[in-house]
Amino acid sequence: MEFIRYKLTHSQTATPRDHQKLITITTSTVKDRGNGTTRSVQRDSIIYVPTSYSDASNSASAAAVPLVIVLHGATGTANYCVHEMKWSEKADAEHFMVVYPNGSRPYPSKPPGMATNAQTWNDGSGRFESEVSGVDDVSFIRQLIWQLQNGYRIDEKRIYVTGMSNGASMAMRCGLELSDMIAAIAPCAGALWTTKMMTGGDNNNRKNASVRGISVLYVTGYNDTMNPLNGGYPKMLVSTEKMRNSSPKPPVSQTIAALVKILGASSTGSSKWSALGNAIRHAEVYRNDQDGAEVVFLVLENHGHHWPGGNSVLPKLLMGPKNTSFQGTDVMW
């Protein structure tokens, strides 16, 4: 079992035994609000290597391992994802690698802070400093994948992205814009924001020809006021006030409809999810039989704005109840 912390760039290679590197991603730039300068950003990513992976795993004859990229929500951190989502434990059980990257923040030289230096992803919504500053997070994730492929034997056909809230929105953006690298995504409580993707592409046909056949498992809570099913401004459960600097979210059904359209899928029912019983309030399944792309949409009963089955420390009073019957990480894998 091994936790490895990197600051990744395309100029150096990660290796299992080289535990720490301070290097720069030159393709990712941000305007520092503190001094107004635009410069390259240094970002930490926590990489988890399962116990079954050894130096011998890098040999040409060794089997390649899948990779899961886990994206935190707005104001979150990679460290919090490690604690909350249980992906590292799953990696040991199923023999795959996990990477938890950090988003960008307004003052890159200062530590992240929820109120004054929040880390976010440029998910295309225009809501956060990351987009105002022109951060190219799609390129950042591509560079991250390349870097890990240079240092480890990664199965290029089994690279997955998941995330929570703003991280879920970024996971969808990555899945569609990096479909040449990513096989499937599992967003939890996010929205598909980019206009081109929401309309199904430039030609507006049923299937967006530029997107390879990825699969999607989208999960959200019925009681999530931060990701309202019917759309609108996010708000805390106990407040009628919209979140500061927030934008109204599209209805979740609109995000699902866009994904189905982009991937050229059609409804197949929801019977395969009946085994999960009362944990699920609503389920929809769509499939493209030509390329195998699948879109699964699950609404969890009695669940707010939390990673399902995770170790969230956010109080029910603010973020709503937790559905403990649905283990999100297990189901997504």
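Along each chain, numbering runs from 1 in the same order as the chain's sequence is written. This being a predicted model, a pLDDT of at least 70 is required before a residue's local features are given, and a value of 80 or more before pairs of side-chain atoms are given or counted; all residues contribute to the totals for chains, interfaces and linings. Note that water and hydrogens are dropped before the side-chain values are worked out from all heavy atoms of the structure.

**Q** Could you give an account of the overall build of the chain, with specific residues and numbers?
**A** Counting its regular elements, the chain contains nine helices and 13 strands. Note on exposure labels: buried denotes an accessible area under 20% of the residue type's maximum, exposed denotes more than 50%, and partly exposed covers the range between, all computed with a 1.4 Å probe on protein chains only. Considering the chain as a whole, with its 333 residues, one finds that 53% of them fall into the buried category. Contacts between residues were defined by any pair of non-hydrogen atoms, one from each residue, lying within 4.5 Å. When contacts within the chain are restricted to residue pairs at least 6 apart in sequence, those whose partners lie at least 24 apart make up 64%. Accessible area of the chain: about 14100 Å², with a carbon and sulfur share of 49%. Helix numbers and strand numbers start at the N terminus; a helix is a DSSP run of H or I with at least 4 residues, a strand a run of E with at least 2. Accessible surface is estimated by sampling points in the Shrake-Rupley manner with a 1.4 Å probe; for residues, cover comes only from the protein chains shown.

**Q** Give a description of the environment of Val296 that names residues and reports values.
**A** Within the secondary structure, Val296 sits in strand 13 (residues 294-300). Relative accessible area serves as the criterion here: at 3%, Val296 is assigned to the buried category. Separated by 110 residues in sequence, Val296 and Ala186 have C-alpha atoms that sit 9.4 Å apart. The residues contacting Val296, other than those within four sequence positions of it, are Val216, Leu217, Tyr218, Trp273, Glu284 and Val285.

**Q** Report on the pattern of salt bridges, specifying residues and quantitative values.
**A** Salt bridges are defined by distance alone: a side-chain nitrogen of Lys or Arg within 4 Å of a carboxyl oxygen of Asp or Glu. Per the stated rule, a full pass over the model turns up eight salt bridges. Here Glu177 ties to Arg173 by a salt bridge, and the two come within 2.8 Å at their closest N and O atoms. One end of the pair is Glu177 and the other is Arg173, both in helix 5 (residues 166-177) and four residues apart, which spans about a single turn. With relative accessibility at 32%, the residue Glu177 sits in the partly exposed group. A residue is classified by how much of its surface remains accessible, and Arg173, at 18% relative accessible area, is buried.

**Q** Tell me what's going on with the side chain of Ser169, and back it up with residues and numbers.
**A** Examined against the element boundaries, Ser169 turns out to sit in helix 5. Setting aside its immediate chain neighbours within four residues, Ser169 contacts Asp123, Arg127, Gly190, Ala191 and Trp193.

**Q** Give me the lowdown on the pairing of strand 9 (residues 184-188), citing residues and values where you can.
**A** Note on strand geometry: in a regular strand, side chains alternate between the two faces of the sheet. For strand 9, the tally of buried residues reaches five of five residues, placing the bulk of the element in the interior. The alternating pattern of strand 9 places Ala184, Ala186 and Cys188 on one face and Ile185 and Pro187 on the opposite face, and all of these are buried. Strand pairing is defined by DSSP finding a minimum of two bridges between the two strands. With five bridges joining them, strand 8 (residues 154-164) and strand 9 adopt parallel strand pairing. Paired with Thr162 across the bridge in strand 9 is Ala186. Taken together, strand 8, helix 5 and strand 9 form a β-α-β motif whose crossover is right-handed. Looking down the strands as they point away from you, a crossover is right-handed if its path from the first strand over the helix to the second goes clockwise.

**Q** Report on the packing of aromatic side chains, specifying residues and quantitative values.
**A** Here the distance between the centres and the angle between the planes together describe a pair of aromatic rings. Two aromatic rings from Phe, Tyr or Trp, using only the six-membered ring of Trp, form a pair when their centres are within 6.5 Å; if the ring planes differ by under 30 degrees the pair is stacked, by over 60 it is edge-to-face, and anything between is tilted. One pass over the full model with this rule turns up six aromatic pairs. Judged by centre distance (5.6 Å) and plane angle (65 degrees), the ring pair of Tyr53 and Tyr152 falls under edge-to-face. Of this pair, Tyr53 sits in the loop between strand 5 (44-49) and strand 6 (65-71) while Tyr152 sits in the loop between helix 4 (137-151) and strand 8, and the two are 99 residues apart along the sequence. What makes Tyr152 buried here is its relative accessible area of 3%. Considering the side-chain rings of Tyr160 and Trp333, the 5.9 Å spacing of their centres and the 85 degrees angle between planes classify their relative orientation as edge-to-face. Taken together, the residues span a long stretch of sequence, with Tyr160 in strand 8 and Trp333 in the segment after helix 9 (328-332) at a distance of 173 residues. Counting every residue linked through ring pairs, the aromatic cluster contains Trp87, Phe96, Tyr160 and Trp333. By the criterion adopted, a ring carries a charge over it if an Arg CZ or a Lys NZ lies within 6 Å of its centre and within 35 degrees of its normal. The ring centre of Phe140 lies 3.9 Å from the NZ or CZ of Arg43, which sits over that ring. Above the plane of the ring of Tyr107 lies Lys110, whose end atom (NZ or CZ) is 5.1 Å from the centre.

**Q** Break down unusual backbone geometry for me, citing the residues and quoting the values.
**A** Of note, Lys86 is a non-glycine position whose phi angle comes to about 65 degrees, a positive value. Checked against the element boundaries, Lys86 lands in the loop between helix 1 (78-85) and helix 2 (87-94). Here Lys86 falls in the partly exposed class, since its relative accessible area comes to 29%. The phi dihedral of Ser165 is positive, around 60 degrees, even though this residue is not glycine. Judged by relative accessible area, Ser165 falls into the buried class, the value being 15%.

**Q** Provide a residue-level description of the layout of surface pockets, including the pertinent values.
**A** Detection works on a 1 Å grid of protein atoms alone, calling trapped sets that fit a 1.4 Å probe cavities and calling open sets with protein on both sides within 12 Å along at least five of seven lines pockets, with lining residues defined by an atom within 4 Å of a point. Grid points are joined across faces, edges and corners, and a volume is the space filled by probe spheres set on the points. Space inside the second largest pocket adds up to approximately 330 Å³. What lines the second largest pocket is a set of 19 residues, among which Ala184, Ile185, Ala186, Leu217 and Met332 lie closest to the centre. Looking at the lining of the second largest pocket, the elements that each hand over two or more residues are strand 8, strand 9, strand 10 (215-221), strand 13 and helix 9. Considering each element in turn, the lining of the second largest pocket owes the most residues, four residues, to strand 8. Counted by class, the lining of the second largest pocket contains 14 nonpolar, two polar and three charged residues. Residues are grouped as follows: nonpolar covers Ala, Val, Leu, Ile, Met, Phe, Trp, Tyr, Cys and Pro; charged covers Asp, Glu, Lys and Arg; every other residue, Gly included, is treated as polar.

**Q** Describe the confidence of the model for the chain, listing the residues and the values that go with them.
**A** With 75% of its residues at a pLDDT of at least 70, the chain reaches an overall mean of 80. Summarising per-element confidence for the chain, the mean pLDDT is lowest in strand 2 (residues 20-22) (28) and highest in strand 9 (98). On a scale of 0 to 100, pLDDT captures the predictor's confidence in every residue. Confidence over residues 1-27 falls short of pLDDT 50; this stretch has 91 contacts with residues more than four positions distant or in other chains. Of the regions scoring below 50 in pLDDT, residues 200-206 engages in 14 contacts with residues more than four places distant in sequence or in other chains.

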